[in-house]
Amino acid sequence: MFKNFYADAYFKNIKDVSPEYLKEKGIEGIILDIDNTLIGHDVPVPDDETMAHLRLYEAEGFRLCVVSNNTYERVKNFTEKIGVEFFVYKALKPKSFGYEKASEQMNIPLSKIAAIGDQIFTDVWGAKRAGCFAILTKPLHKGGEGKFIAFKRILEKPFVRKAKKKV
């Protein structure tokens, strides 16, 4: 019943997810979450190390797509700043809609896509429902997320502990 809440892999942050690891898993495309995965809340662009890591993914042949529940303006502006062509806004995560749209844009089957995000009940659940390889990262910042996300983080703890044990 809860199998879709368990990530396939857990990493401290996106910079720890190596291209070699993804290639070993047969991954060709990467779906990226924005808030608390690539940047903290209210931060306009990722730090230089994260930007370099995104360029490394591209240099290794991975296609990238940002999938977010945010608005068109927020997601379009963000992807332009980081130089990522593909994006899905108002993705309705955890529904599979955004993941399916990303798969179409990148022209890569869902089974060959890794989705990287910081939340179990949106990023991991959505990725698993869609058939992607789900990678959970530790949130970059836990402040300023609002009460609803803070409450969800409490409910996520058992699933995060299990994901950490897989490493």
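See the structure printed just above.
Position numbers for residues start from 1 in each chain and track the written sequence from start to end. Reporting of local features is limited, given that this is a predicted model, to residues whose pLDDT is at least 70; pairs of side-chain atoms are given and counted only at 80 or more, and all residues count toward the totals for whole chains, interfaces and linings. Note that water and hydrogens are dropped before the side-chain values are worked out from all heavy atoms of the structure.

## Digging into the packing of aromatic side chains
In step 1: Ring pairs shown here join Phe, Tyr and Trp side chains whose ring centres sit within 6.5 Å, with only the six-membered ring taken for Trp; geometry is labelled stacked below 30 degrees between planes, edge-to-face above 60, and tilted in between. Within this structure, the stated rule accounts for seven aromatic pairs.
In step 2: For the pair Y57 and F62, a centre-to-centre distance of 6.1 Å together with 80° between the ring planes defines the contact as edge-to-face. Considered together, Y57 and F62 belong to a single accessibility category, that of buried residues.
In step 3: The interplanar angle of 50° and the centroid separation of 6.0 Å between the aromatic rings of Y72 and F87 together place this pair among those described as tilted. Separated by 15 residues along the polypeptide, Y72 in helix α3 (residues 72-82) and F87 in strand β4 (residues 86-88) bring together distant segments of the chain.
In step 4: Aromatic ring contacts, followed pair by pair, group F5, F121 and W125 into a single cluster. Remark: exposure states derive from per-residue accessible area (1.4 Å probe, protein chains only) relative to the maximum for the residue type, with buried under 20%, exposed over 50%, and partly exposed in between. Numbering goes from the N terminus for both helices and strands, where a helix is a DSSP run of H or I of at least four residues and a strand is a run of E of at least two.

## Some words on the sheet that holds strand β5 (residues 113-117)
In step 1: Spatially, β1-β6-β5-β2-β3-β4 is the arrangement adopted by the six strands of the open sheet, whose pairing is parallel. Single-partner strands in this sheet number two, and they are β1 (9-11) and β4. With direction set aside, neighbouring strand axes in the sheet form an average angle of 25°.
In step 2: Any two strands with at least two DSSP-identified bridges between them are counted as paired. Where β5 lies against strand β6 (residues 133-137), four bridges are found, and the strand directions are parallel. Residue pairing for β6: A114 is matched across the bridge by F133.
In step 3: Two residues form a contact once any of their heavy atoms are found within 4.5 Å. Helix axes are fitted to C-alpha atoms over the stretch in contact, other axes to C-alpha atoms as well, and angles between N-to-C directions run from 0 to 180 degrees. Its contacts with the sheet place helix α5 (residues 120-130) against β5 and β6, and it is angled at close to 165° to β6.

## Digging into helix α4 (residues 97-106)
In step 1: Burial in α4 covers these residues: G98, Y99, A102, S103 and M106. End-on view of α4: buried residues confined to an arc of 140°, all on one side of the axis.
In step 2: Looking at the buried residues of α4, the elements they touch are β2 (29-32), β3 (63-67), β4, β5 and α5.
In step 3: One or two positions beyond α4, positive phi appears at N107, with a value near 60°. By construction, the arc corresponds to the directions joining the helix axis to the C-beta atoms.

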